[in-house]
Amino acid sequence: NAGVMQNPRHLVRRRGQEARLRCSPMKGHSHVYWYRQLPEEGLKFMVYLQKENIIDESGMPKERFSAEFPKEGPSILRIQQVVRGDSAAYFCASSRGGQGAYEQYFGPGTRLTVT
Amino acid sequence: AQSVTQPDIHITVSEGASLELRCNYSYGATPYLFWYVQSPGQGLQLLLKYFSGDTLVQGIKGFEAEFKRSQSSFNLRKPSVHWSDAAEYFCAVGNTGNQFYFGTGTSLTVIP
């Protein structure tokens with residue numbers, strides 16, 4: 001029973017490049033959440049998606065960041081024109097939805113380094 | 001606004017000693033409360049959760065936590081710490097919008 005999968009685990013990008021982070025939720029889970037963890041800090045909510053819908057993106061920076069969760073395939077967090085301040089660990093979590101939404105299972109994270 | 005405070009940035013305990021990690025939250029309604037553990041370079045593993053009912057909840061790896069509404073606290077405890085418990089511990093509160101708010105974490109070091 002595979003857990004939440006994220007890839008790549010480590011990603012290095014130069015300033016100005018694009019970063020694409022992928023998340024495959026647990027089997028049977030239709031809700032995906034993205035969090036960012038800066039060094040020495042806790043996780044900060046970014047966005048909550050269901051299949052083909054963005055439910056809450058209140059934690060997402062207004063520019064350069066976007067997320068999607070298509071009908072088929074993984075959820076994608078996309079960061080355009082990366083800057084050094086984007087260096088962080090990005091975690092994806094999934095849940096069943098409904099009352100089960102209160103139990104989120106986390107992936108191992110993608111560690112993004114911007115040089 | 002919802003928020004979570006973990007006042008202890010770093011704690012060191014001896015193996016076999018008891019442990020208590022503090023967590024205080026701010027939330028307008030009945031909170032959904034969680035403790036997660038993160039080993040270096042890894043994702044977060046759910047230790048335990050509180051939704052309602054019995055205020056003392058049992059989790060995995062011998063951990064327990066007690067919800068105290070009057071103190072807005074949800075402290076994590078373990079009676080006897082093992083060296084493998086060394087990790088970062090995060091308290092989180094969830095809201096009806098499914099958004100989680102995390103504390104800044106407590107780093108636990110276990111000495112022999």
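Residues numbered from 1 in each chain as written. Chains lettered and ligands numbered in written order. Predicted model: local features only at pLDDT ≥ 70, side-chain atom pairs only at ≥ 80, totals over all residues. Heavy atoms only, no water.

## Quick notes on the overall build of chain B
The helix and strand inventory of chain B stands at zero helices and 12 strands. Overall, chain B shows an N-to-C arrangement of helices and strands of β-β-β-β-β-β-β-β-β-β-β-β. Taking 112 residues into account, the globule formula puts the C-alpha radius of gyration at 13 Å, and chain B, at 13 Å, falls close to it. With the principal axes as the frame, chain B shows a C-alpha extent of 40 × 30 × 20 Å. Out of the 112 residues in chain B, the part that is buried amounts to 46%. Restricting to contacts in chain B with at least 6 residues of sequence separation, those with at least 24 account for 53%. When the accessible surface of chain B is summed, it comes to about 5100 Å², and 50% of that surface belongs to carbon and sulfur atoms. Each charge sign in chain B was given a centre, from 7 positive and 8 negative side chains, and these centres are 5 Å apart. (Helix = DSSP H or I, 4+ residues; strand = E, 2+ residues; numbered from the N terminus. Rg over C-alpha atoms; globule rule 2.2 N^0.38 Å. Buried < 20%, exposed > 50% of the residue type's maximum accessible area, 1.4 Å probe, protein only. Contact = heavy atoms within 4.5 Å. Areas by Shrake-Rupley, 256 points an atom, 1.4 Å probe, with all protein chains shown as cover. Lys, Arg positive; Asp, Glu negative; His and termini not counted. Charge placed at Lys NZ, Arg CZ, Asp CG, Glu CD.)

## Here we look at the pattern of salt bridges
Once their charged atoms are close, side chains differing in charge can pair, the charge on each being opposite to the other. Under the definition given, this model contains seven salt bridges over all chains. In this structure, A:Glu18 and A:Arg78 form a salt bridge, with 2.9 Å as the shortest nitrogen-oxygen distance. Pair noted here: A:Glu18 is in the loop between β2 (10-13) and β3 (19-24) and A:Arg78 is in strand β8 (residues 75-79), with a separation of 60 residues, a long-range link. Given the relative accessible area of 27%, A:Arg78 is considered partly exposed. The partner of B:Asp8 in a salt bridge is B:Arg22, with the nearest N and O atoms 2.8 Å apart. Residue B:Asp8 is located in the loop between β1 (3-5) and β2 (10-14), and its partner B:Arg22 is located in the loop between β3 (19-21) and β4 (24-26); the two are separated by 14 residues in the primary sequence. Take B:Arg22: its relative accessible area is 38%, and that puts it in the partly exposed class. Overlapping salt bridges, with partners in common, bring together A:Glu18, A:Arg20 and A:Arg78 in one network. (Salt bridge = Lys/Arg side-chain N within 4 Å of Asp/Glu carboxyl O.)

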